[in-house]
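An overview of the molecular structure
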Amino acid sequence: MRRRGLLALPAAAALPAASGSAEAWPTGPIRLIAPFPPGGSVDTILRLLAPSLQAGLGVPVVVENRSGAAGALGTAAAARAAPDGQTWVLVFDSHATINALNPQAGFDARRDFAPVMLVATAPMLLATPVGRPWTRLAEVVAAARARPNSLTYGTVGAGSLAHLTMEVWQREAGLRLVHVPYRGGGPLAAAAAAGEVDLVIASRVGLGGQVGTRLRPLVQSGARRAAGLPDLPSFAEAGFPGVAAEAFWGMLGPAGVPAPILGRFHAALAAALAEPGLRQRLEEGQGVDVVASTPAEFGAFLDRQIALWGQVVRERGITAD
């Protein structure tokens, strides 16, 4: 996988030194909220991170699945949590569109959170169950044009980055498919492997190990080919240069977390992601690119994603389920 180089930066170079209330932190178990069901990419990444964080912080680190409303329920719980550094949430790329899709979500995706780290990104894979006949994207395009509004594709939910990427592709390709939203990566991967949909789009980690066995990848959504799948073309290489997007996973805390505590947690995350064994399990095992950004970099990244994909939501008239 391509290396971002950010882990080489000492945490102290970008963050305030731990002091004051951070000296006694953590005061008890750390809660990491996964706002999606077990088996999806958020849950998988958190459960890989938790043991290293627990060893580094010296307190229990508990992953809590609080799914519902396309991730809004668990994310809202994190926004309402006390800003004492005991509760954090790992958000998925759907965080960038939650307010555009659901103005009544109960939180502001930027104002109500303290960015900690852009943990990782990954291209999404457009794949088909092995029982379907297509081996190239061009064959899917031909089938979709021959039978408009008949081919189905699954995603982790309405307004997810996968859904929006498919909307952009359909516009560029001049075709229409039927969207089938699922409530998280676990249900999506199981449904796709069972052949419930004609196509599925998600990251490799989100497809739960089905790629190359029950699912045949056709194309990937990154601007360039992923190192882990060097023979798989991008949408651009398949004839659609306007289609490029990557899934992302980022850690947030409630707004108001003291900077020294946020700095210590960021340092613990960076140390965990620097462990060769964990990094290999994420990059080679799950197909993600570890980023390990600074808080400021993640905040700026979120601003760009919210502006970009919020515009797609409005232009395409997409609404939440």
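First, a word on what this report is: a plain description of the structure on this page. (Residues numbered from 1 in each chain as written. Predicted model: local features only at pLDDT ≥ 70, side-chain atom pairs only at ≥ 80, totals over all residues. Heavy atoms only, no water.)

1. Here's the deal with the pattern of salt bridges
All chains considered together, the criterion is met by 13 salt bridges. Note that Glu64 and Arg31 form a salt bridge whose closest N and O atoms lie 3.4 Å from each other. Taken together, the residues span a long stretch of sequence, with Glu64 in strand 2 (residues 61-65) and Arg31 in strand 1 (residues 30-34) at a distance of 33 residues. The exposure class assigned to Glu64 is partly exposed, which follows from its relative accessible area of 24%. Relative accessible area serves as the criterion here: at 23%, Arg31 is assigned to the partly exposed category. Between Arg111 and Asp108 there is a salt bridge, and its shortest N-O distance comes to 3.6 Å. For Asp108, a relative accessible area of 24% corresponds to the partly exposed category. Put simply, Arg31, Glu64 and Arg66 are held in one network by salt bridges that share partners. (Salt bridge = Lys/Arg side-chain N within 4 Å of Asp/Glu carboxyl O. Helix = DSSP H or I, 4+ residues; strand = E, 2+ residues; numbered from the N terminus. Buried < 20%, exposed > 50% of the residue type's maximum accessible area, 1.4 Å probe, protein only.)

2. With respect to the nonpolar core
Of all hydrophobic cores here, the largest spans 88 residues; its most connected members are Trp88, Trp169, Trp249 and Phe265. No other element matches strand 4 (residues 113-129), which puts ten residues into this core. In contact with Phe265, not counting residues within four places along its chain, are Trp25, Leu32, Leu53, Leu57, Trp88, Val116 and Met251. Core analysis: the second largest hydrophobic core is formed by 20 residues, Val91, Ile98, Phe248 and Val291 among them. (Core = buried A, V, L, I, M, F, W, Y, C linked by side-chain atoms within 4.5 Å. Contact = heavy atoms within 4.5 Å.)

3. Thoughts on the environment of Leu46
Considering the arrangement of structural elements, one finds Leu46 in helix 2 (residues 41-57). Owing to a relative accessible area of 0%, Leu46 belongs among the buried residues under this scheme. Sequence separation between Leu46 and Glu64 is 18 residues, and the spatial gap between their C-alpha atoms is 9.6 Å. Not counting the four nearest positions on each side in its chain, Leu46 is found in contact with Leu32, Ile33, Ala34, Val63, Leu90 and Met251.

4. Observations concerning the pairing of strand 4
Successive side chains on a regular strand alternate, one facing one side of the sheet and the next facing the other. The buried count for strand 4 comes to 17 of 17 residues, which makes it a mostly enclosed element. Both strand 4 and strand 9 (residues 246-254) contribute to a ladder of nine bridges, which runs antiparallel. Of the residues in strand 9, the one forming a bridge with Phe113 is Pro254. As judged from the two bridges shared by strand 4 and strand 10 (residues 289-290), these two strands associate in the antiparallel manner. Within the sheet, the bridge partner assigned to Thr121 lies in strand 10 and is Asp289. (Pairing = 2+ DSSP bridges.)

5. A few points about the side chain of His266
Relative to the assigned elements, His266 resides in helix 8 (residues 259-274). Accessibility expressed as a relative area gives 5% for His266, which makes it buried. For His266, the side chain forms a polar contact with the main-chain oxygen of Ser293, separated by 2.8 Å. (Polar contact = N/O pair within 3.5 Å; in protein donor to acceptor, adjacent residues only side chain to side chain.)

6. What about empty space enclosed by the protein?
Under the definition given, this model contains four cavities of 30 Å³ or more. Approximately 140 Å³ is the volume attributed to the largest cavity. As for the largest cavity, its lining consists of 16 residues, and the residues nearest its centre are Ser41, Phe92, Val156, Gly185 and Gly206. Mapped onto the lining of the largest cavity, the elements with two or more residues apiece are helix 2 and strand 7 (199-203). Residue composition of the lining of the largest cavity, grouped by class: nine nonpolar, six polar and one charged. (1 Å grid on protein atoms, 1.4 Å probe; cavity = no way out; pocket = protein on both sides within 12 Å on 5 of 7 lines; lining within 4 Å. Points joined across faces, edges and corners; volume = space filled by probe spheres on them. Nonpolar A, V, L, I, M, F, W, Y, C, P; charged D, E, K, R; others polar.)

7. Points about the pairing of strand 6 (residues 178-181)
With four bridges connecting them, strand 5 (residues 152-155) and strand 6 associate as parallel partners. By the bridge assignment, Gly154 is partnered in strand 6 with Val180.

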